[in-house]
Each structure stands twice: as structure tokens, then as C-alpha cells.
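Commentary on secondary and tertiary structure
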Amino acid sequence: ERAAYMPVVHLNAIAIDPRNPNLFAVAGSDEYTRLYDIRRYKWDASADFSDPADYFCPSHLIGNDQVGITGLAFSDQSELLVTYNDEFIYLFDRDMGLGPNIEKPSEDCYEKLNPQVYKGHRNCETVKGVNFFGPRCEYVVSGSDCGRIFIWKKEGGDLIHVLEADKHVVNCIEPHPHSTV
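In this convention, every chain numbers its residues from 1, walking through the sequence in written order. Only residues with pLDDT of at least 70 get local features here, since the model is predicted, and only at 80 or more are side-chain atom pairs given and counted; chain-wide, interface and lining totals rely on the full set of residues. Calculation of side-chain values draws on the structure's entire complement of heavy atoms; hydrogens and water are dropped beforehand.

1. Description of the environment of Pro58
Applicable threshold: Secondary structure elements are defined from DSSP: runs of H or I of at least 4 residues count as helices, runs of E of at least 2 residues count as strands, and each element is numbered from the N terminus. It only takes one pair of heavy atoms within 4.5 Å for two residues to be counted as in contact.
Mapping Pro58 onto the fold places it in the loop between strand E4 (54-56) and strand E5 (69-74). What Pro58 contacts, discounting residues up to four positions off in sequence, is Tyr84, Tyr90, Phe92 and Pro115.

2. Structural notes on the sheet that holds strand E1 (residues 11-16)
The pairing of strands in a sheet happens through backbone hydrogen bonds and is either parallel or antiparallel. This is how the line gets drawn: The rule for pairing is simple: two strands pair if DSSP sees at least two bridges between them. A fitted line through C-alpha atoms represents every axis, and for helices the fit uses only the stretch in contact; the resulting angles, taken between N-to-C directions, go from 0 to 180 degrees.
Read from one edge of the open sheet, 4 strands run E1-E2-E3-E4, paired in antiparallel fashion. Two strands lie at the open edges of the sheet, namely E1 and E4, each paired on one side alone. Going from strand to strand, the sheet's axes swing by 25° on average, the running direction of each strand aside. In this sheet, E4 lies alongside strand E3 (residues 33-37) in antiparallel orientation, the contact comprising 3 bridges. Residue pairing for E4: Arg34 is matched across the bridge by Tyr55.

3. Quick word on the packing of aromatic side chains
The test is simple: Side-chain rings of Phe, Tyr and Trp, where Trp is taken by its six-membered ring, are said to pair if the distance between their centres is within 6.5 Å; with planes under 30 degrees apart they count as stacked, over 60 as edge-to-face, and otherwise as tilted. Burial classes follow relative accessibility: with a 1.4 Å probe on protein chains only, a residue under 20% of its type's maximum area counts as buried, one over 50% as exposed, and anything between as partly exposed. In this analysis the charged atom, NZ for Lys or CZ for Arg, is taken to sit over a ring once it is within 6 Å of the ring centre and within 35 degrees of the ring normal.
Under the criterion given, the structure shown has 6 aromatic pairs. With 5.7 Å between their ring centres and 80° between their planes, Tyr32 and Tyr55 make a pair best called edge-to-face. Of this pair, Tyr32 sits in the loop between strand E2 (23-28) and E3 while Tyr55 sits in strand E4, and the two are 23 residues apart along the sequence. Residue Tyr32 is classed as buried on the basis of its relative accessible area of 9%. A relative accessible area of 10% places Tyr55 in the buried class. Taken together through their ring pairs, the aromatic side chains of Tyr118, Phe150 and Trp152 make up a single cluster. The side chain of Lys119 reaches across the aromatic face of Phe88, ending 4.9 Å from its centre.

4. Let's talk about unusual backbone geometry
Backbone geometry at Ser78 places phi at a positive 70°, although glycine is not the residue there. Note that Ser78 resides in the loop between E5 and strand E6 (80-84). With a phi angle near 55°, Cys137 is a residue other than glycine that sits in the positive phi range. Looking at the secondary structure, you find Cys137 in the loop between strand E9 (130-133) and strand E10 (139-142).

5. A look at the pairing of E2
The element E2 is largely enclosed, with a buried count of 6 among its 6 residues. Of the two faces of E2, both are covered, the one formed by Leu23, Ala25 and Ala27 as well as the one formed by Phe24, Val26 and Gly28. Sheet topology note: the E1/E2 ladder contains 5 bridges and is antiparallel. In the sheet register, Ile14 faces E2, and the bridge partner there is Val26. Where E1 hands over to E2, the hairpin turn is made up of 6 residues, counted between the paired strands. Relative to E3, E2 runs antiparallel, the two sharing 4 bridges. The residue bridging Phe24 from the neighbouring strand is Tyr36, located in E3. Here E2 folds back onto E3 in antiparallel fashion, the turn holding 4 residues.

Structure representation (C-alpha cells):
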């Protein structure tokens, strides 16, 4: 019996859901964010933990081998923020997943794939992180190849502020855990 071919995905990001620490997402050199549930792991190795519980990807990027994911973040409400190289930032709700089998997605999965999009930053030269900001995660923040910090309203995706931050590139944005800084 031959083992199924598993493509190698070089990982760039990992995030743990703060509302459910059993769930974590990983992403890297392809278009999919993979969500894993550690409760599926059995110490006797009787479960195949290598299979994700869910996949996330905007429908127009499925099958695009030119993009990859450089950053992930979960909000306090279990929303998943994903930033793509040479593309945009997307916000997924938990019910926007493609399901556990991307080879045979459900019929209605493409209809529910309408994530909020955030545009304006540039993510081409280096790996960019993405994050939530504000006491209730009401903003989305990202660095950019242009040396600026971009801030969007989470709801609606409006770009509300651009800050000068570096002479070259801003890769990571990390908010203070308790203050709006």
C-alpha cells in the first residue's frame, strides 16, 4: 500500500485561538491556512493528526500557486486574519472554512467564502505579520514594504490611518496586551 503524496508547505506563521486553545492555525508557501484541533490527537497514534480540521482561503485564490501566506492572527472573537504576499489581507469567520477535505469541498463552501478584505499595504519583499488592535480587536494593523504602518477598521475594511514607521520595511506589528499602544 502506497502512502499518499503530501506536498511540502514551508511554514511562515502559526496562531492559537485565544477562545479555544485546542485550535491552532498554520500557513506558509501555499494559498491555504490550515486549522488543527489538538483534541484529535490520540497518544496511541490511532487518529491521523496530520489532517487539518478545516482549511481557509478566499475563493479567487484557490489554485493560485503564485501566492503564499506570511502572517496569521486570531481575534478575541475567534476570527482569523490572514495576510498574503503580493495580495491582500483577509478576515475569516469560523464558519467560512472549506471543510476538512480541500480535494472534495462541499457544494456551498464557495458561496460562503466572502471574507472582509483590507487593501493598501504592500507585502512583496519580506514576510509581513498582521494583527488586531484595540481593546475589542476593532482594528486591523499591518506593516508594509514602504516603511509604514497601516490601520483599518475591522468592520467594513476602511483604511483609517497610515503612520511613518521605518526608512525601509515594517515586518511585524505587535500590540500591547492590555493598553491601546
